[in-house]
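Residue-level listing of the chains:
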Amino acid sequence: MKFFIDTANLHQIQQAYDLGILDGVTTNPSLMAKENIKGEKAIYQHYKTICEIVPGDVSAEVFATDYEGIIREAELLADIADNIVVKVPMIKEGIRAIRYLTNQGIRTNCTLIFSAGQAILAAKAGATYVSPFIGRIDDTNWDGMDLIEQIVNIYANYGTPTEVLAASIRNPLHIIRSFELGADVVTCPLDSILGLLKHPLTDIGLSKFLADAEKTKA
Ligand code: G3P
């Protein structure tokens, strides 16, 4: 049961790490753009900083969509730090690249997974992780959780080593359901992680304990 944070924001990464529950980080081009990180040098430096904060796996996504381009970028990204996992999109060239990178000992995260068929191909190519996008499936009025369940079951049938990394998490319930269904990893925004802390009865109970503690002092 592993927790990754899905952000490129260093402050949020540090906050999640300081909680003592963080196993890794995932990023994507949209999350890097949100932090206003521009240019190859700045992007690589940003990944290096993230890898220094978090010793667990850090997914860094390639921008290329052609086989040679994906390989070139993947090798550069993998050189940044030992804990870099190269994120590759679920496209034909991506699957070819994942097979090559796996053979070279470079770990990969196959992203933009929306069907069990895609997850099967990614596993066959040797991906370290597959990332089904729960929230985006929910957005289309399908249940993202059905996909998690399906992939977990298929991989279990064959003892497939590829780990199911539930992504596009939008709320604490997504986290709970993903782990309930057997996802190996859940990557989520800090808000969803912190949302797990909350329960009104905890707040009410704590207020009462604190009030009673005051009485014992008197
Ligand atoms: O992990 C993928 C994630 O960053 C996408 O999330 O909310 O844009 O679907 P979202």
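Residues numbered from 1 in each chain as written. Predicted model: local features only at pLDDT ≥ 70, side-chain atom pairs only at ≥ 80, totals over all residues. Heavy atoms only, no water.

Trainee: Lay out the environment of Ala156 in plain terms, naming residues and giving numbers.
Mentor: Of note, Ala156 is situated in helix α8 (residues 144–158). Put simply, Ala156 and Lys124 are 32 residues apart on the chain and 14 Å apart in space, counted from C-alpha to C-alpha. (Helix = DSSP H or I, 4+ residues; strand = E, 2+ residues; numbered from the N terminus.)

Trainee: Tell me about the side chain of Asp57, residues and numbers included.
Mentor: With respect to the secondary-structure elements, Asp57 resides in strand β3 (residues 57–61). Given a relative accessible area of 15%, Asp57 falls into the buried group. In terms of polar contacts, Asp57 uses its side chain to reach the side chain of Arg107, at 2.8 Å. With residues up to four places along the chain from it excluded, the contact list for Asp57 reads Phe4, Asp23, Gly24, Val25, Asn83, Val85, Arg107 and Tyr129. (Buried < 20%, exposed > 50% of the residue type's maximum accessible area, 1.4 Å probe, protein only. Polar contact = N/O pair within 3.5 Å; in protein donor to acceptor, adjacent residues only side chain to side chain. Contact = heavy atoms within 4.5 Å.)

Trainee: How would you explain the site of the ligand if you had to name every residue and give the values?
Mentor: In the vicinity of the ligand, the residues found are Asp6, Asn28, Phe133, Arg136, Ala167, Ser168 and Arg170. Between the ligand and Asn28, the relevant distance is 3.0 Å, taken from an oxygen atom to a side-chain nitrogen or oxygen of the residue. The fraction of the free accessible surface of the ligand (310 Å²) that becomes covered by protein chains is 81%. Among the cavities detected, the one that contains the ligand is the largest pocket. Looking at the shell around the ligand, its residues break down into two nonpolar, two polar and three charged. (Near = heavy atom within 4 Å. Areas by Shrake-Rupley, 256 points an atom, 1.4 Å probe, with all protein chains shown as cover. 1 Å grid on protein atoms, 1.4 Å probe; cavity = no way out; pocket = protein on both sides within 12 Å on 5 of 7 lines; lining within 4 Å. Sits in = over half its atoms within 2 Å of the grid points. Nonpolar A, V, L, I, M, F, W, Y, C, P; charged D, E, K, R; others polar.)

Trainee: Tell me about the layout of surface pockets, and please be specific about residues and values.
Mentor: The computed volume of the largest pocket comes to approximately 520 Å³. What lines the largest pocket is a set of 26 residues, among which Asp6, Asn28, Ser30, Leu31 and Arg136 lie closest to the centre. Considering each element in turn, the lining of the largest pocket owes the most residues, four residues, to helix α2 (residues 29–34). For the lining of the largest pocket, the class distribution of residues is nine nonpolar, 10 polar and seven charged. (Points joined across faces, edges and corners; volume = space filled by probe spheres on them.)

Trainee: Summarise the packing of helix α3 (residues 40–53) against helix α4 (residues 67–78); cite the residues concerned and give the values.
Mentor: Two elements in contact, α3 and α4, have axes whose closest approach is 10 Å; the angle formed by their N-to-C orientations is 45°. Taken together, α3 and α4 sit at an angle that is classed as oblique. Two secondary-structure elements touch here, α3 through Glu40, Tyr44 and Tyr47 and α4 through Arg72, Glu73, Leu76 and Leu77. Split by residue class, the contact of α3 with α4 holds four nonpolar, no polar and three charged. (Axes fitted to C-alpha atoms, helices over the stretch in contact; angles between N-to-C directions. Parallel < 35°, antiparallel > 145°, perpendicular 65-115°, else oblique.)

Trainee: Please give an account of the side chain of Ser168 that cites residues and values.
Mentor: Note that Ser168 resides in the loop between β7 (163–166) and α9 (172–180). There is a polar contact of 3.2 Å between the side chain of Ser168 and the backbone nitrogen of Arg136. With residues near it in sequence (within four places) discarded, Ser168 still touches Phe133, Ile134, Gly135, Arg136 and His174.

Trainee: Hey, could you go over a nonpolar patch on the surface for me, with residue numbers and the actual values?
Mentor: Side chains of Leu173, Ile176 and Leu196 sit close together on the surface and give an oily, nonpolar patch of about 270 Å² of accessible area. Residue placement: Leu173 occurs in helix α9. (Patch = residues over 30% accessible without salt bridge, like charges linked within 9 Å, V, L, I, M, F, W, Y side chains within 5 Å. Salt bridge = Lys/Arg side-chain N within 4 Å of Asp/Glu carboxyl O.)

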